[in-house]
Amino acid sequence: EQTAPMLVRVVLCLAAAGAASAFHAPTNVLSSQISTKSGIDFASNVLSGTPIARRSLSPSLRQLSPRSRGGAMAHPLTVMQAASSFDVKSYFKEKLPVVETALDDSMKILKRDWAYDSQAETCHEAMRYSLMAGGKRIRPILCLAACEMLGGTVEQAMPSAVASEMIHTMSLIHDDLPCMDDDDLRRGKPTNHKVFGDDMAVLSGDALLSYAFEYIARYTKNVPAEKTLDVIARCGKCVGALGLVGGQVIDIQSEGKKDVTLETLQWIHEHKTAALLEFAVVSGGICAGANDDEVKRLSTFAMNIGLAFQIIDDILDVTADSATLGKTAGKDLLVDKATYPKLMGLEESRKRADDLILEAKEAIKPWGDKAAALNGLADFITQRSN
């Protein structure tokens, strides 16, 4: 109990050091980077013995799978029966209200517990407007599912789950700004800057990002302090220059270029999209006490479904309408952005997404029927319409 206040002070100190930029990536003081034949790995976290992050991914994430090249798969993957019979709609129906309540509570806490400090009403309104605008909530739900698969509880993982949605929402607010993707529609509603102005959109996104770290540190309960600190370190990495921001940078710099390779596109989305999904899944596992091997399996699962998620996003951008998507359709084409359909075609992109989901399921196969929820959520990623 005495470690929690100190942990909060450490996190707030780190947050203050990076306050000059919402996208400041914390220095990697807990790990050392090592080159490996299959990608980038990170040395064990000195606090808990678990890797801070992994980029050593399955072979098909580095090259097209045999099936994508038109041949039979050399090593067929077994799909668990639990996934085919899992009722993902019922699971969403069960978890969504719990997540929505937790997100709503996270906004109420600001005025309830910090009445004197919460005078910036417009910022609070802008934060709430985007955070509570709906959406699939796939990241927090994945976080909870991973925690429960390893025997943990919703209560243990919920602060990390909420933080993942805060960060995701921040990325959407900033992504929609005129200086970025310049979009007017998000989740079926006017984008944040259209309602509150560019300045308030930037600041409310900044506020959600910093609040995510505080929320994990302050409200995570019944999880050892070193595990909570591990989660916080991963959170910082996934959103910074080594994660989401790094992916966004290369994405912006690749717009309009004709020589963008599939390898570059994959790197973009490993970082821009998959890194945050990896944080959501792995943090849920860590809160439940995952060991090193379990963290690696969860990481592989998450990176696979993260790339599949982006491929489906790219497909929907050219096949669905704005009303269905809840955002402007055809935007990637307008700015000449590199996408999977553009480089691979729609059919091959769909096959690639399916292969990634199969490999994701293989990574969590050792959990058997306990992995039913994660397998069902993986299937949902490729079957969704928005």
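All figures in this text were calculated on a predicted structure; none of them were measured in a lab. (Residues numbered from 1 in each chain as written. Predicted model: local features only at pLDDT ≥ 70, side-chain atom pairs only at ≥ 80, totals over all residues. Heavy atoms only, no water.)

Novice: Quick question: what am I supposed to make of the environment of Ser-171 here?
Specialist: As for its position among the elements, Ser-171 is in helix 6 (residues 154-175). Residue classification places Ser-171 among the buried residues on the basis of a relative accessible area of 15%. Separated by 73 residues in sequence, Ser-171 and Leu-244 place their C-alpha atoms 8.4 Å apart. (Helix = DSSP H or I, 4+ residues; strand = E, 2+ residues; numbered from the N terminus. Buried < 20%, exposed > 50% of the residue type's maximum accessible area, 1.4 Å probe, protein only.)

Novice: Is there a simple way to think about the nonpolar core in this case?
Specialist: By size, the foremost hydrophobic cluster in this structure holds 96 residues, and its most contacted members are Leu-142, Phe-301, Leu-374 and Leu-377. Setting aside its immediate chain neighbours within four residues, Leu-142 contacts Leu-277, Val-281, Phe-301, Ile-305, Leu-374 and Leu-377. (Core = buried A, V, L, I, M, F, W, Y, C linked by side-chain atoms within 4.5 Å. Contact = heavy atoms within 4.5 Å.)

Novice: What exactly am I supposed to notice about the packing of helix 6 against helix 11 (residues 262-287) here?
Specialist: When two helices pack together, their arrangement is captured by the angle between the axes and the distance separating the axes. Between helix 6 and helix 11, the shortest axis-to-axis distance is 9 Å and the interhelical angle comes to 170 degrees. Our classification of the angle between helix 6 and helix 11 gives roughly antiparallel. Side by side, helix 6 and helix 11 meet where Gln-156, Ala-157, Ser-160, Ser-164, Ile-167 and His-168 of the first sit next to Leu-276, Phe-279, Ala-280, Ser-283, Gly-284 and Cys-287 of the second. Each residue belonging to the contact of helix 6 with helix 11 can be placed in one class, and the counts come to 6 nonpolar, 6 polar and no charged. (Axes fitted to C-alpha atoms, helices over the stretch in contact; angles between N-to-C directions. Parallel < 35°, antiparallel > 145°, perpendicular 65-115°, else oblique. Nonpolar A, V, L, I, M, F, W, Y, C, P; charged D, E, K, R; others polar.)

Novice: Explanation requested: the environment of Lys-342 in the structure shown.
Specialist: In this fold, Lys-342 is placed in helix 15 (residues 340-344). Here the alpha-carbon distance between Lys-342 and Ile-315, two residues 27 residues apart in the chain, equals 9.4 Å. With residues near it in sequence (within four places) discarded, Lys-342 still touches Asp-336 and Lys-337.

Novice: For this particular structure, what's the right way to read the pattern of salt bridges?
Specialist: Side chains that differ in sign of charge can pair as their charged atoms come close. All told, the structure shown has 21 salt bridges when counted by the stated rule. Connected via shared salt-bridge partners are Asp-181, Asp-251, Glu-255, Lys-272 and Lys-337. (Salt bridge = Lys/Arg side-chain N within 4 Å of Asp/Glu carboxyl O.)

Novice: How should unusual backbone geometry be read in this particular structure?
Specialist: Comment: phi is negative for the bulk of residues other than glycine, and the bulk of peptide bonds are trans. Positioned with a positive phi, Arg-137 is a non-glycine residue whose angle comes to about 55 degrees. Inspection of the secondary structure puts Arg-137 in the loop between helix 4 (121-131) and helix 5 (138-149). Here Arg-137 falls in the buried class, since its relative accessible area comes to 1%. Residue Asn-222 is not a glycine yet carries a positive backbone phi of 60 degrees. Of note, Asn-222 is situated in the loop between helix 8 (198-219) and helix 9 (225-239). Exposure remark for Asn-222: the relative accessible area of 68% places this residue in the exposed category.

Novice: Any chance you could explain the environment of Arg-137 here in plain terms?
Specialist: The sequence separation of Arg-137 and His-168 amounts to 31 residues, and the corresponding C-alpha distance is 9.5 Å. Among the polar contacts listed, one links the side chain of Arg-137 to the backbone oxygen of Leu-131, at a separation of 2.8 Å. (Polar contact = N/O pair within 3.5 Å; in protein donor to acceptor, adjacent residues only side chain to side chain.)

Novice: In this structure, what is going on with the packing of aromatic side chains? I would like to understand it.
Specialist: Two aromatic rings, taken as a pair, are described by how far apart their centres are and by the angle between their planes. By the definition in use, this model includes 5 aromatic pairs. Consider the rings of Tyr-215 and Tyr-219, whose centres lie 4.7 Å apart with planes at 45 degrees: the pair is tilted. Here Tyr-215 pairs with Tyr-219, and both are found in helix 8, just 4 residues apart, close to one helical turn. Accessibility assignment for this pair places Tyr-215 and Tyr-219 in one class, buried. In this structure an aromatic cluster arises from ring pairing among Tyr-211, Tyr-215 and Tyr-219. (Phe/Tyr/Trp six-rings, centres within 6.5 Å; stacked < 30°, edge-to-face > 60°.)

Novice: What should I look at first to understand the packing of helix 3 (residues 88-113) against helix 8 in this one?
Specialist: It is at 12 Å that the axes of helix 3 and helix 8 come closest, and there the two elements cross at 90 degrees. Judged on the interaxial angle alone, helix 8 and helix 3 are roughly perpendicular. Within the contact between the two elements, helix 3 uses Ala-102, Ser-106, Met-107, Ile-109, Leu-110 and Asp-113 and helix 8 uses Leu-208, Tyr-211, Tyr-215 and Tyr-219.

Novice: I would appreciate a short explanation of helix 17 (residues 372-383) in the present structure.
Specialist: Side chains that are three or four residues apart share a direction in an α-helix, a result of its 3.6 residues per turn. Taking 1.5 Å per residue as the helical rise, helix 17 with its 12 residues ought to reach 16 Å, and the 16 Å between its terminal C-alpha atoms agrees with that figure. For helix 17, the buried fraction is high: 11 of the 12 residues fall into the buried class. Within the sequence span of helix 17, burial applies to Ala-372, Ala-373, Leu-374, Asn-375, Gly-376, Leu-377, Ala-378, Asp-379, Phe-380, Ile-381 and Thr-382. (Expected span 1.5 Å × (residues − 1).)

Novice: Would you mind showing me how to read the side chain of Asp-176 here?
Specialist: By the element assignment, Asp-176 lies in the loop between helix 6 and strand 3 (185-186). Filtering out sequence-adjacent residues up to four positions away, Asp-176 remains in contact with Asp-182, Asp-183, Arg-186, Thr-191 and His-193.

Novice: I tried to follow the state of the cysteines on my own but got confused; where do I start?
Specialist: By definition, a disulfide links the sulfur atoms of two cysteines through a covalent bond. All told, the structure shown has 0 disulfides when counted by the stated rule. Sulfur of Cys-143: no disulfide; nearest cysteine sulfur belongs to Cys-287 and is 6.2 Å away. Classification of Cys-143 as buried rests on a relative accessible area of 0%. (Disulfide = S-S within 2.5 Å.)

Novice: In this structure, what is going on with helix 9? I would like to understand it.
Specialist: Taking 1.5 Å per residue, 15 residues should reach 21 Å; helix 9 reaches 22 Å between its end C-alpha atoms and fits that length. Buried residues dominate helix 9, accounting for 12 of its 15 residues.

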